[in-house]
Each structure stands twice: as structure tokens, then as C-alpha cells.
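Examination of the molecular architecture
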Amino acid sequence: MSDQRVFARYRANEIRLDLQNVDIKKFKSGTTKKKNALRKIIVNLTLGNYNEMIDLLPEILKFWQIEDDLEVRRICHEYTRSVGSMKPKLTDEILPFVLKDLRSKNENLQIMALRTLIFVPSPPFTSEAFKFLMSLINHRSDSIELTRTAIYSLVQMDDFDHARISGLLEILLDIVSQSSEEPTIQIAALNTIYAIHEKHQDMKPLGISIDTCFNLLSLLPNLNEWDKGLLLEALPASVVPQTHDDVFDMIDIVLPQLQHVNMLVVLNTLKFIVYLLNYVDRINETLVKRLSSSIVALLNKPPELEFLLLRNVILLLLSRQTPLLEFDVSYFFVEYYDPIYIKDTKLECLYLLANSENLPQILDELEQYATDIDIQMSRKAIRAIGNLAVKLDDNAATECVHILLHLLEFGVDYVVQEIISVLRNILRKYPNKFKSNIREIVEYTDSVQEPESKNAMLWIITQYSDILPNYMSIFQNLTSSLLEEPLEVQFSILNSSVKFFARSPSAETKNQCMGIIQLCINEIDNPDLRNRALMYDRLIAVSGNIGVTNPGISILQTIVDGKLPVIELNSKLDPMVLEELELNMSSITSVYLKPTSQIFRGNRTKLLPQSPILVTDREALKITNYKGLKNKGDSSTKGMPKRTATMSDYDKPAEKVNQLKGKRKSTLNGPSKLARKPSMLMRRLSMKNPF
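The present account deals with the structure reproduced in this document. Note that the structure is a prediction, hence the values are computed from the model and not measured.

Cut-offs used in this document
- Residues numbered from 1 in each chain as written.
- Predicted model: local features only at pLDDT ≥ 70, side-chain atom pairs only at ≥ 80, totals over all residues.
- Heavy atoms only, no water.
- Helix = DSSP H or I, 4+ residues; strand = E, 2+ residues; numbered from the N terminus.
- Buried < 20%, exposed > 50% of the residue type's maximum accessible area, 1.4 Å probe, protein only.
- Contact = heavy atoms within 4.5 Å.
- Areas by Shrake-Rupley, 256 points an atom, 1.4 Å probe, with all protein chains shown as cover.
- Patch = residues over 30% accessible without salt bridge, like charges linked within 9 Å, V, L, I, M, F, W, Y side chains within 5 Å.
- Salt bridge = Lys/Arg side-chain N within 4 Å of Asp/Glu carboxyl O.
- Phe/Tyr/Trp six-rings, centres within 6.5 Å; stacked < 30°, edge-to-face > 60°.
- Axes fitted to C-alpha atoms, helices over the stretch in contact; angles between N-to-C directions.
- Parallel < 35°, antiparallel > 145°, perpendicular 65-115°, else oblique.
- Left-handed = near helix turned anticlockwise from the far one by under 90°.
- Nonpolar A, V, L, I, M, F, W, Y, C, P; charged D, E, K, R; others polar.
- Core = buried A, V, L, I, M, F, W, Y, C linked by side-chain atoms within 4.5 Å.
- Expected span 1.5 Å × (residues − 1).
- Arc of directions from axis to C-beta.
- Disulfide = S-S within 2.5 Å.

1. Thoughts on the overall build of the protein
- Secondary structure summary: the protein contains 35 helices and two strands in total.
- Across the 691 residues in the protein, those meeting the buried criterion constitute 53%.
- Sequence separation of 24 or more characterises 74% of the internal contacts of the protein that already satisfy a separation of 6 or more.
- With the model as given, the accessible surface of the protein reaches about 32,700 Å², and the carbon-plus-sulfur share is 51%.

2. A short note on the side chain of threonine 479
- Structurally, threonine 479 is set in helix H27 (residues 471-479).
- In contact with threonine 479, not counting residues within four places along its chain, are Ile493, Gln512 and Ile516.

3. Digging into the environment of isoleucine 517
- Tracing the sequence through the fold places isoleucine 517 in helix H29 (residues 507-522).
- Classification of isoleucine 517 as buried rests on a relative accessible area of 0%.
- Once the C-alpha coordinates of isoleucine 517 and leucine 534 are considered, the two residues, 17 residues apart in sequence, prove to be 7.6 Å apart.
- Residues contacting isoleucine 517, with those up to four places away along its chain left out, are Leu494, Val498, Ala533, Tyr536, Asp537 and Ile540.

4. Re a nonpolar patch on the surface
- There is a patch of nonpolar side chains on the surface, built from Ile588, Tyr592 and Phe600 and spanning about 290 Å² of accessible area.
- Residue position: isoleucine 588 is located in helix H33 (residues 588-592).
- Residue class for isoleucine 588 comes out partly exposed when judged on its relative accessible area of 37%.

5. Points about the packing of aromatic side chains
- The final tally for this structure, using the stated rule, is nine aromatic pairs.
- Where tyrosine 471 meets phenylalanine 500, the ring centres are 5.0 Å apart and the plane angle is 45 degrees; that geometry is what we call tilted. One end of the pair, tyrosine 471, is in helix H27; the other, phenylalanine 500, is in helix H28 (residues 487-503), with 29 residues separating them in the sequence.
- Note on tyrosine 471: relative accessible area 13%, which makes it buried.
- Assessed through its relative accessible area of 2%, phenylalanine 500 is described here as buried.

6. Some words on the packing of helix H26 (residues 451-463) against H27
- At their nearest, the axes of H26 and H27 sit 10 Å apart, and the two run at 160 degrees to each other. In terms of orientation, H26 lies roughly antiparallel with respect to H27. By crossing handedness, the relation of H26 to H27 is classed as left-handed. Of the residues in H27, those in contact with Met457, Leu458 and Ile461 of H26 are Tyr471, Ile474, Phe475 and Leu478.
- Its residues assigned to classes, the contact of H26 with H27 comprises seven nonpolar, no polar and no charged.

7. A look at unusual backbone geometry
- Look at alanine 237: it is not a glycine, yet its phi comes out positive at around 70 degrees.
- A residue is classified by how much of its surface remains accessible, and alanine 237, at 18% relative accessible area, is buried.
- With a phi close to 70 degrees, serine 586 is a non-glycine residue in the positive phi region.
- With respect to the element layout, serine 586 can be found in the loop between helix H32 (575-583) and H33.

8. A word on the side chain of glutamate 306
- Structurally, the position occupied by glutamate 306 is in helix H19 (residues 303-319).
- Using a relative accessible area of 6% as the deciding quantity, one classes glutamate 306 as buried.
- Setting aside residues up to four positions removed in sequence, glutamate 306 forms contacts with Leu299, Lys301, Ile342 and Lys346.

9. Observations concerning the nonpolar core
- With 218 residues, the main nonpolar core has Leu217, Phe272 and Ile517 as its most contacted residues.
- Of all the elements, helix H17 (residues 263-276) adds the most residues to this core, at 10 residues.
- Excluding residues within four positions of it along the chain, leucine 217 makes contact with Leu232, Leu235, Met250, Ile253, Val254 and Phe272.

10. Some thoughts on helix H30 (residues 527-542)
- The end-to-end C-alpha separation of H30 is 23 Å, in line with the 22 Å expected for 16 residues at 1.5 Å each.
- By the burial criterion, the buried members of H30 are Leu529, Ala533, Tyr536 and Ile540. Seen from one end, H30 has its buried residues packed into an arc of 60 degrees, which puts them on one side. Every exposed residue of H30 that faces more than 90 degrees away from the buried side is listed here: Pro527, Asp528, Arg538, Ala541 and Val542.

11. Quick notes on the environment of valine 489
- Note on placement: valine 489 falls in helix H28.
- Judged by its relative accessible area of 1%, valine 489 is buried.
- Residues valine 489 and lysine 454, 35 residues apart in the sequence, show an inter-C-alpha distance of 6.9 Å.
- With residues up to four places along the chain from it excluded, the contact list for valine 489 reads Pro451, Lys454, Asn455 and Leu458.

12. Here's the deal with the environment of aspartate 281
- Residue position: aspartate 281 is located in the loop between H17 and strand E1 (282-284).
- In contact with aspartate 281, other than residues within four places in its own chain, are Val615, Ala620, Leu621 and Lys622.

13. Here's the deal with the pattern of salt bridges
- This model, assessed by the stated rule, comprises 24 salt bridges.
- The residue lysine 35 makes a salt bridge to aspartate 69 at a minimum N-O spacing of 3.3 Å. Of this pair, lysine 35 sits in helix H3 (residues 27-46) while aspartate 69 sits in the loop between helix H5 (57-66) and helix H6 (70-86), and the two are 34 residues apart along the sequence.
- Of the residues examined, aspartate 69 reaches a relative accessible area of 28% and is grouped as partly exposed.
- Taking the shortest distance from any N to any O, the salt bridge between aspartate 374 and lysine 343 comes out at 3.9 Å. Remark: lysine 343 occurs in helix H20 (residues 340-353) and aspartate 374 occurs in the loop between helix H21 (359-370) and helix H22 (375-391); sequence separation between them is 31 residues.

14. Here we look at the packing of helix H7 (residues 95-102) against helix H9 (residues 123-139)
- Look at H7 against H9: their axes get within 11 Å of each other, and the N-to-C directions meet at 15 degrees. Taken as axis vectors, H7 and H9 run roughly parallel relative to one another. Pair H7 / H9 crosses with right-handed handedness. Contact residues: Leu95, Val98, Leu99 and Leu102 in H7; Pro124, Phe125, Glu128 and Phe132 in H9.

15. What about the state of the cysteines?
- Going through the model one piece at a time under the given rule, you end up with zero disulfides.
- Cysteine 513 takes part in no disulfide bond, and the closest cysteine sulfur, belonging to cysteine 520, lies 9.7 Å away.
- Owing to a relative accessible area of 1%, cysteine 513 belongs among the buried residues under this scheme.

16. A short note on H32
- Among the residues making up H32, those that are buried are Leu578, Glu579, Glu580, Leu581, Glu582 and Leu583.
- Those residues of H32 that are buried are in contact with H17, H19, H33 and helix H34 (596-599).

In C-alpha cells:
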């Protein structure tokens with residue numbers, strides 16, 4: 001049967017008829033028809049056709065009794081979970097069959113039955129699930145997969161009875177600390193404890209001893225990629241290093257995971273290393289290169305994964321004044337086939353990476369994007385050029401304005417309007433630097449149609465009216481359709497007219513100003529605009545006669561035309577927010593760059609645990625290239641032999657970087673000084689070098 005016939009809505013009578021027409025004599029064809037009919041039930045439950053499928057409960061029970069086929073049993077359990085989640089009372093008569101599978105000697109059946117007991121929110125099911133879990137965890141099963149499933153199930157059972165689950169946490173901690181346990185069981189126990197602690201803010205933060213942490217890290221070579229990711233996710237903020245040697249040892253052990261092809265493993269490794277760097281005051285620049293290389297190697301992943309990676313890159317670039325990452329900006333140049341969300345994020349990366357050295361290279365690229373046929377991309381590129389002019393020094397601003405003026409010559413409407421909008425911010429930052437270009441900018445008055453660009457043009461004309469001899473005619477041209485303009489433009493026109501009068505009090509400016517005020521009072525219904533116009537009307541009335549020497553006019557000018565503060569673009573986040581974001585790297589919080597409490601209300605706010613070696617000043621971390629620098633945190637290691645260097649390929653990413661877009665190479669050249677698998681004895685006896 002084709003998927004098209006299976007994935008469709010059916011009535012219960014149609015599926016019941018299919019089940020009754022199964023030819024028992026023809027075993028093979030009959031089994032196939034029976035399974036297809038049962039698949040239709042699950043598909044219809046997935047499509048939300050619950051009312052019809054609930055009527056097929058007797059047929060499900062019938063097949064549950066007579067069929068031993070594993071796939072049929074799997075469908076029966078899936079039916080129970082789907083129906084039980086919507087109408088738990090209907091599944092009470094299924095419970096004996098689920099318990100029979102739970103006591104089976106077949107491991108797969110036991111796992112399916114346990115999951116069914118957990119997913120159905122019915123007291124009888126929950127009670128039986130608790131009984132089985134308590135017995136299994138206290139006495140242990142020979143089945144590793146069943147034990148692993150049972151341990152992970154405790155996270156969901158915690159929602160039903162937290163008190164009973166809390167009594168098992170000590171047992172799980174013992175499992176984590178026992179090196180004789182199966183590695184996958186240890187990781188399951190650790191991740192379960194971590195998840196339960198994260199759900200309850202009233203619980204103490206999870207704490208793991210240093211020795212237990214090193215025992216768990218020693219398991220990394222033997223773990224699958226899923227367990228590696230879960231282990232490295234749970235360790236930050238759970239283990240608190242007490243000496244610099246502990247920090248360097250942990251970094252030493254997890255560094256090879258940066259070469260992993262799985263992004264979960266790489267990002268969680270990166271998170272763990274960034275967490276550990278809060279407990280040292282200096283590192284070697286080689287570590288920065290390795291961190292950067294691991295990220296570059298993942299830039300050719302699918303767009304969804306690349307987006308997550310780029311958001312975490314932005315977080316790391318924001319975290320410190322001296323970034324922990326060093327990139328060639330060309331890695332973040334936009335490709336024509338990139339989705340729009342990747343293009344936006346790459347533009348953010350280029351903005352954060354920009355400095356006086358790489359600015360020409362970035363501006364050349366942004367100028368090309370500004371002439372792109374994609375209007376949205378063109379606007380964002382122009383906006384990025386304007387933001388760079390405000391962010392960097394005046395020399396950079398000169399280069400940016402030169403490019404913007406060059407783009408103005410194209411005369412494309414949306415390009416002109418976006419450029420006018422960003423030029424307003426640049427002129428606020430450098431009010432006297434680009435006066436010679438004002439007349440050239442004002443020539444494009446007829447091209448501005450959008451509210452933001454009109455507001456920007458009105459502001460420019462108002463601020464530089466002293467160098468524009470025909471500013472009144474330009475202003476009248478912009479105000480000719482006052483009543484049809486959007487509200488924000490009407491506010492700008494009103495403010496500009498009053499400023500003109502305050503700066504150059506004359507009969508012409510007063511008539512112009514009062515005409516606009518009367519229109520706003522009598523013809524426009526918006527109460528905010530009318531109140532603003534009434535306020536200006538009274539100010540002008542009490543200011544007295546027209547004249548520059550009139551003190552009333554000077555007071556009016558002080559009120560409506562005061563000096564504006566210099567505009568600044570703040571790209572830094574609050575230190576407490578950054579601390580929490582670093583501890584939640586590779587999660588959804590790193591995508592939004594917002595604290596966890598603003599996204600998930602019940603989640604715990606993560607903070608750096610206190611330690612004698614905790615560096616409270618984030619900017620105190622120094623990056624040095626002196627290879628002979630020794631760790632000063634522990635004097636007991638003096639005279640000890642150095643760790644033997646046994647690996648020379650740390651600088652090569654897991655995926656060759658020169659395959660990335662066919663033109664990039666790894667930034668690392670020197671061989672690594674780290675051993676691939678440092679033993680516990682070498683960890684205790686060797687002299688440590690900061691990375």
C-alpha cells in the first residue's frame with residue numbers, strides 16, 4: 001500500500017472492515033494488510049482524528065491478546081499513549097496488557113511498556129510506573145538499555161511526584177560516582193539529576209566533585225556522540241574547579257572533542273571551555289585559534305545548524321572586550337544561496353568583527369550587497385554601513401559616508417531612502433564633519449516616500465537650515481500633503497516648523513509655523529498630536545514679539561531646539577546577562593540572546609559558582625603567546641616532569657576547512673603540545689601550561 005493511501009483520514013468502520021477482511025489462510029499477505037490497517041489508526045491519531053479512532057479500542061485489545069509480532073505490539077502501545085494522553089479513563093482496561101508486556105523477558109517489549117506507563121497521565125498507570133522504577137533502580141537490571149530508559153523516565157515522573165523522585169537522587173549520584181557502572185548508565189544518571197535540578201528553583205545547585213568529574217571526562221573516548229553531548233552539557237556550573245591545574249587538565253581532556261563532526265558535541269565542548277576560562281587569568285593564544293578553527297569547520301553545515309552556530313559566535317564576540325575567537329572576516333561573507341536568516345546573522349558577525357584593519361574589506365563586501373537584487377538584503381547592508389560609521393572612529397565614518405554617497409548616485413528609490421535614514425544617525429554622531437555634503441543629500445528630497453526616510457530628511461533640513469538658502473521651499477514641498485502623512489511624519493513636520501521659527505523668527509517662519517499648528521489642531525483627530533500643537537501654540541503666544549533679541553524667543557529655542565546628545569550604538573550586554581548566556585550556550589537562549597527566565601518562566605537562573613580562583617573581572621583574562629609561561633596557581637608542581645607531547649594534529653578541524661566554499665584554509669599552523677589521552681597519573685604529576 002502506498003503512503004498516500006495510509007496517510008489519509010478514515011472512518012472507524014472503514015478500518016474495522018479492513019481488519020475483518022484479513023485472509024488468515026494467506027499468512028504473508030494477510031499480515032501485511034493487517035499491519036497497514038493498524039498503521040492507518042496511528043496516522044489518524046497523529047492527524048487528530050481521535051473521535052473516530054477511539055471506537056477501535058476493542059480491535060486493538062483483540063490484536064494485543066493474539067499477536068506476538070513486535071511491530072503490532074509497538075502500534076498497540078502507540079495507540080494507548082495517544083488515546084491515554086487525551087482520555088486517560090478509557091485506557092484503564094488496557095493496563096493488564098501493558099503490565100504483561102512489562103513482565104516479559106523481551107527487552108524491547110519491556111521498554112515499550114514502561115514508556116506507555118509513563119506517557120498515560122492516569123493514576124493506575126502512574127502508580128505502576130513508580131513501582132517498576134523503584135524496583136529497577138534499587139535492584140538493577142541486567143539490561144543496560146532498560147535501565148537507561150528507566151533512569152531517563154524519572155525526569156517525566158518528577159512532574160507527578162517530586163518528593164518520591166527526590167528520594168532516588170542519592171542513588172543516582174552514587175551511580176554517577178561509581179566507575180564500575182556502564183558509561184551510558186552513568187551519563188543517563190547525571191543528565192537526569194541535572195534536568196531535575198534545572199526544573200526546580202528551590203533545589204540546591206547540582207554539585208559534582210573534581211574526582212568524579214575527571215572520571216566522567218575519562219569516559220569521553222568510549223561514549224557515543226549523544227552521550228558526549230549530554231555529559232558536556234551537564235558539567236558547566238556543576239563542577240567547580242579549585243585550582244588552575246584542574247582547569248587546564250579539564251581543557252586538556254575535552255579539547256579533542258572540538259574536532260567532532262557533531263555540532264552538539266562541539267558547542268557543548270565550547271560551552272564547557274568558556275565556563276572554565278572564568279577560573280583562570282591567562283591563556284595561550286593557541287587555544288583561541290583552536291576554538292576558532294572548530295567553529296570554522298562547522299560553517300558548511302545545513303542552514304539550521306549554521307544559524308545556531310552563528311548565534312553562539314555572536315554571543316562569544318559580545319562576551320569580552322578581547323574576544324575569545326579570531327576569524328578571517330571572509331568566512332562570514334554572504335553567499336547568494338544563503339537563507340535570509342543566515343544573511344542577517346552573518347551581517348551581525350561582520351559588524352562585531354569590524355575594526356580599522358579589516359574595515360576596507362568589509363565595506364567592499366557590503367557595497368556589493370547594497371546593490372543586490374534582493375531589496376531586503378540591500379537595505380540591511382546599507383544599514384550595516386551606517387552602523388559601522390557610528391561604531392568606529394571618524395576616519396572609518398569618512399569611508400562609510402563616501403560609499404553611501406556613491407550609492408546615492410544609483411538613484412534607486414529604496415536605496416536612496418535607506419541611505420537617508422542612516423545618514424541622520426551619522427550626522428548626529430559627527431554634526432560638523434560632513435556639512436559639505438548636505439546639499440548633495442537634500443537633492444534627493446523628491447525620492448523619499450517612506451515615513452522613516454521622510455523623518456530623516458526633515459531632521460537633516462531642520463538641523464542644517466543655516467547652510468541651505470532654499471530650506472523653506474524644500475520644507476514646504478515636504479509638508480504639502482500634511483493631512484495624508486503618517487502620524488510620525490506629522491509630528492516631525494510640526495516640530496520642524498516650530499524649530500524654524502525659534503531659530504529665525506520672522507513673519508514668514510511664523511506664518512508657516514502657525515499654519516501647520518492650526519492644521520494639527522483643527523483638522524487632525526489624533527489627541528497626542530493636537531496636544532503637542534496646542535502646547536506649541538501657547539509657547540509662541542507667550543514668547544512675545546518677533547525678534548532675535550526677544551528673551552521669550554530664546555526661551556522658546558531652548559525648549560524646542562536644545563542640544564542633542566551624541567548618538568552611541570551600545571553592542572554590549574549586561575555582565576550578569578552575559579554570564580547566564582554563556583552558561584546556556586547551544587540552547588534557545590543563545591539564539592534570542594535573552595536570559596532563560598524571560599523565555600522559560602520556571603527554569604533556574606544559572607550563575608557562576610564561587611571558587612577561590614574565580615575571576616570576577618571578565619576583562620582580566622589575558623591572551624599571551626609566550627609558550628614557556630607556567631601556571632602560577634599551584635606551587636606544588638615545581639620540579640615535576642612535563643607532560644609528554646603525543647599529538648600534533650589538534651590544529652586540523654574534523655572537516656577540512658579548505659573545503660569550505662572552496663577557498664578557505666585553517667588559521668592554525670603550529671603543532672599542538674597536548675596529549676590526546678592524558679592519564680590520571682600524568683594529570684596529577686605533570687607541569688601544566690596555560691593554553
